Amino acid sequence: QVQLVESGGGLVQPGGSLRLSCAASGFTFSSYVMSWYRQAPGKERELVASIGTGGTTYYADSVKGRFTISRDDAKNTVYLQMNSLKPEDTAIYYCKAVRGKEIYWGQGTQVTVSS
């Protein structure tokens, strides 16, 4: 059974940091492109960052220089280190795994940036 379980969300003040984790099981994690998406209230889901099987990364312009995506294939886990958080980063953050036509999503974790 395929599972993607996100954790690490919460409430943080502007300028603070959080580290999200997404633990995968039920598929060959190392052969999938892993991504983080987010969806704010009333907005469409958007791509935040992705990391390929070889470690190549992509970041949305809005998070470049503040967020870092990484993966540990030995632990079947992808991470999102989020620094210098802003109120506009408030959203539900989702983990996504893709290999060809195979697509899996996690259930999401809430991140709220507020003073």
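Quick notes on the rules
- Residues numbered from 1 in each chain as written.
- Predicted model: local features only at pLDDT ≥ 70, side-chain atom pairs only at ≥ 80, totals over all residues.
- Heavy atoms only, no water.
- Helix = DSSP H or I, 4+ residues; strand = E, 2+ residues; numbered from the N terminus.
- Pairing = 2+ DSSP bridges.
- Axes fitted to C-alpha atoms, helices over the stretch in contact; angles between N-to-C directions.

K.L.:
Help me understand the environment of Val-33 in this model?
P.N.:
With respect to the helices and strands, Val-33 occurs in strand 4 (residues 33-39). As a C-alpha pair, Val-33 and Arg-99 span 66 residues in sequence and 6.4 Å in three-dimensional space.

K.L.:
Sorry if this is basic, but what is going on with the sheet that holds strand 3 (residues 18-25) here?
P.N.:
Strand pairing in a sheet relies on backbone hydrogen bonds. The paired strands run either parallel or antiparallel. Across the sheet, which stays open at both edges, the four strands sit in the order 1-3-8-7 with antiparallel pairing between neighbours. Because the sheet does not close on itself, it has two edges, and the strands there are strand 1 (3-7) and strand 7 (67-72). Each strand of the sheet is rotated relative to its neighbour by a mean of 15 degrees, with strand direction disregarded. Looking at chain direction, strand 3 and strand 8 (residues 77-82) are connected through six bridges and run antiparallel. Counterpart to Arg-19 in the pairing with strand 8 is Gln-81.

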